[in-house]
Amino acid sequence: MRLALLGCGTVGQEVVRLLHEQSADLAARIGAPLEIAGIAVRRLGRDRGDLPVDEDLFTTDALGLIKRDDVDVVIEVVGGIEPARSWLVEALRAGKSVVTANKALLAEDGVALHEAAAEGGGDLYYEASVAGAIPLLRPLRESLHGDRINRVTGIVNGTTNFILSAMDATGAGFAEALEEATELGYAEADPTADVEGFDAAAKAAILASLAFHTRVGAADVHREGITEVTAADMASAQAMGCTIKLLCIAARGVDPAGRETVSVRVHPAMIPRSHPLASVGDAFNAVFVEADAAGQLMFYGRGAGGAPTASAVLGDVVAVSRNRLAGVRAASESAYAALAVRPMGEALTRYHVSLDVADRPGVLAAVAGVFARHHVSIATVRQGSAGGAPGRDGDAELVIVTHVAPDAALAATVVELRGLDIVRSVTSVLRVEGGA
C-alpha cells in the first residue's frame, strides 16, 4: 500500500517514525507492506533531525503527489481549511482513501468530504481528529451503532483542562495558569483556539454528528471559553464540592412541538467531584457517553501530542488499507436522522450565580422575585458578608444555584438582576452540570 503524507510537522514526523519502527508488524496486520510514496511539505531542506526517510521523497507539490496513480492512501496532518479541503476532495473523488486529523475541516465542511468519498468509493477515516489516541470515534461510528446514544459529555481540549486543573489545585488565576501551561508546552504561543473554545467546538460537532446520525457543523455549536473563569469561581465551586471543567455537551432533547432534536454546546461548567470527569486532570481528555442499552461508558487518555495522534492516524491507515486489499469500503456517513439542532436558549441547564448586593431587609425577596418572574426555581441560596456591617446598607454576597431551566430563561434572569438597584454587581455566572 502506497501512502502520500501531507504535512511533516510534529504529528507527521511521528507518523513516519512509527511507520518505520513498526513496519513488519503493520505489514502482518494488513497483509501488505506500507510504503511512503511521498511527503508534501511547505519548505524543502528544513532540518527534521534523524527522520528515517529519503530526502527525495519530499515535495512541495501536494496536489501532484495526490494525483499520482501509485498512491493508495492519503494521510493529511496539515490542518486548516484550505488548501486541505481541496486536496482531500481531489483525493477522495479519485477513489483514494483518506486518513485525516483535521477537526477544523471536518466541523466546517465535513459534508463535502463525505460526498467526495461516496462519489469516489474510497474510505474517509478521522479517528485522530478528536481526543488523540483515545479510541472514541470508531466506537461511536461502529461499536455503538446497535444502540441509541442519548448524551455525550467530554473534556476534549488538553490545554484548557491543564489550566483549570492548575487553578483548582493551586488557587491560581487564569492568567497565571495559562503562563504555566505555555512554559510547559501545553499552550500555543497564540492560545485563542483553545482557551476560547474553538478547538473543543469543532470536536463537539464531530462527536454529535456521529452520535446522533445528524450533520452538525461548527456553526451549530454554542461556544464559550474559559478566559472569564476566576480563582473566586473555582473557590466557590470547591465550596459546593465541585470543580470547573470546559465541557463539550451533545444531547438529545425534544422541542416545544414535541420533535426530537439535539443540542450541542461548549462552555465551562461546575461538575461535582463525584462525576467521572471531575478527576480528569493535567492535559488528559475524557469523554462520557450515555446510551440506552450500553449505559454509561468512559473513554480516557492522552488527547493530543505527536505520538498519541500518530497512533490514531496509523490505526486508521491499517483499517483503510485492509479495506482496499479486500476490495471493500467502510460504511459511509450516517446522517439519516437529520435531527434539528436546537438553539442554546432551549438547552436545559442550571446556573450558579454570585451577586454583590446591598445588605438591607427585602433584598433576598426581591432577588427571588426576579427568578420567579422568569419561571426559574432556586435550589440553594448561600449568603455571606462582602464587607458591609450587618443590618446596615453595606454589601453582602448571595450565591444562588438554580434547578434545571431553559438557558434563555436563566440568561434573562441574570440580565434583570444586573438592572436592580440593590444589586451592586453580578460577580459570577457559571452553568452547573452533572447533578451538583
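**Student:** Help me understand the overall build of the protein in this model?
**Tutor:** A tally of helices and strands in the protein yields 14 helices and 18 strands. The globule rule puts the C-alpha radius of gyration for 436 residues at 22 Å, and the 25 Å found for the protein is close to it. Within the protein, counting contacts between residues at least 6 apart in sequence, those at least 24 apart form 74% of the total. Taking the average place of the 38 positive charges on the side chains of the protein and the average place of its 55 negative ones, the gap between the two points comes to 3 Å.

**Student:** What should I look at first to understand the packing of aromatic side chains in this one?
**Tutor:** Inspection of the entire model under this criterion finds 2 aromatic pairs. Ring geometry for Phe284 against Tyr300: centres 5.2 Å apart, planes inclined by 5 degrees, an arrangement best described as stacked. Taken together, the residues Phe284 in strand S11 (residues 284-291) and Tyr300 in strand S12 (residues 295-302) connect sequence positions 16 residues apart. We classify Phe284 as buried; its relative accessible area is 18%. Looking at Tyr300, the relative accessible area reads 48%, which means it is partly exposed.

**Student:** Can you walk me through the nonpolar core in this structure?
**Tutor:** In globular proteins that are soluble, nonpolar side chains generally tend to be buried together. Residues Leu6, Val74, Leu136, Ile149, Ile163 and Leu207 are the most contacted members of the largest nonpolar core, which totals 79 residues. Among the elements that line this core, the one with the most residues is helix H10 (residues 198-212), at 11 residues. Here Ile149 is in contact with Leu140, Leu144, Ala211, Phe212, Arg252, Val289, Glu290 and Ala291, once residues within four sequence places are set aside. Counting 34 residues, the second-largest nonpolar core is a separate cluster that includes Val41, Phe58, Ala310 and Ala330.

**Student:** Is there a simple way to explain the sheet that holds strand S5 (residues 97-100) in this structure?
**Tutor:** Through backbone hydrogen bonds, the strands of a sheet pair up, either in parallel or in antiparallel fashion. Pairing in this open sheet of 6 strands is parallel, and the strands run S3-S2-S1-S4-S5-S6 from one edge to the other. Every other strand in the sheet has two partners, leaving strand S3 (58-59) and strand S6 (124-125) as the edge strands with one partner each. By the bridge criterion, 5 bridges tie strand S1 (residues 2-6) to strand S2 (residues 35-40) in an arrangement that is parallel. Of the residues in S2, the one forming a bridge with Leu5 is Ile39. Where helix H12 (residues 306-326) meets the sheet, its contacts fall on S1, strand S4 (73-76), S5 and S6, and the angle it forms with S5 comes to roughly 170 degrees.

**Student:** I tried to follow the pattern of salt bridges on my own but got confused; where do I start?
**Tutor:** Once their charged atoms are close, side chains differing in charge can pair, the charge on each being opposite to the other. Using the criterion set out here, one finds 24 salt bridges in the structure. A salt bridge links Glu333 to Arg215; its shortest N-O distance comes to 3.0 Å. Highlighted residues: Glu333 in the loop between H12 and strand S13 (340-341) and Arg215 in the loop between H10 and strand S8 (222-223), separated in sequence by 118 residues. Here Arg431 and Asp407 are joined by a salt bridge, their closest N and O atoms 2.9 Å apart. Linking Arg431 in strand S18 (residues 423-432) with Asp407 in helix H14 (residues 407-418), this pair joins segments that are 24 residues apart in sequence. Taking relative accessible area as the criterion, Asp407 reaches 6% and is therefore assigned buried.

**Student:** Which parts of the structure should I look at to understand helix H7 (residues 158-170)?
**Tutor:** It helps to recall that an α-helix has 3.6 residues per turn; residues three or four apart then point in one direction. Between its first and last C-alpha atoms H7 spans 18 Å; for 13 residues at 1.5 Å apiece the expected length is 18 Å, and the two agree. In terms of burial, H7 is largely enclosed, as 11 of its 13 residues are buried. Structurally, H7 contributes buried residues whose contacts are with strand S7 (149-155), helix H8 (174-183), helix H9 (192-195), helix H11 (231-239), strand S9 (242-254) and S11. Two or three places before Thr159, at the start of H7, stands the capping residue Asn157, its side-chain oxygen 3.2 Å from that residue's backbone nitrogen. Gly171 lies just past H7 and shows a positive phi near 80 degrees.

Quick notes on the rules
- Positions within a chain are numbered from 1, following the residues in the order the chain's sequence is written.
- With pLDDT at 70 or above as the cut-off, local features in this predicted model cover only qualifying residues; side-chain atom pairs require 80 or more to be listed or tallied, and sums for whole chains, interfaces and linings still use all residues.
- Side-chain numbers here rest on the full set of heavy atoms in the structure, without hydrogens or water.
- Working definition: helices are DSSP H or I runs of at least four residues, strands are E runs of at least two. Numbering for both runs from the N terminus.
- What the globule rule says is 2.2 Å times the number of residues to the power 0.38, and the radius of gyration is computed from C-alpha atoms.
- Every residue pair with non-hydrogen atoms within 4.5 Å of one another is taken to be in contact.
- The charge count includes Lys and Arg as positive and Asp and Glu as negative, but it does not include His or the ends of the chains.
- A single reference atom marks each charge: NZ on Lys, CZ on Arg, CG on Asp, CD on Glu.
- Classification of ring pairs uses Phe, Tyr and Trp, with its six-membered ring standing for Trp, and accepts pairs whose centres are within 6.5 Å; under 30 degrees between planes counts as stacked, over 60 as edge-to-face, and the remaining range as tilted.
- Only protein chains enter the accessibility calculation, which uses a 1.4 Å probe; a residue is then buried when its area is under 20% of its type maximum, exposed when over 50%, and partly exposed in between.
- Definition of nonpolar core: a set of buried residues of the types Ala, Val, Leu, Ile, Met, Phe, Trp, Tyr and Cys, connected through side-chain atoms within 4.5 Å.
- Strands were regarded as paired on the criterion that DSSP finds at least two bridges between them.
- An axis is simply a line fitted to the C-alpha atoms; with a helix, the fit covers only the stretch in contact. Between two such axes, the angle follows the N-to-C directions and lies from 0 to 180 degrees.
- Any carboxyl oxygen of Asp or Glu within 4 Å of a side-chain nitrogen of Lys or Arg constitutes a salt bridge here.
- In this scheme, a helix's expected span is set at 1.5 Å multiplied by one less than its residue total.
- Each polar contact in these results corresponds to two N or O atoms within 3.5 Å; when the atoms are within protein, one needs to be able to donate a hydrogen and the other to accept it, and residues that are neighboring in sequence are counted only if both atoms are side-chain atoms.

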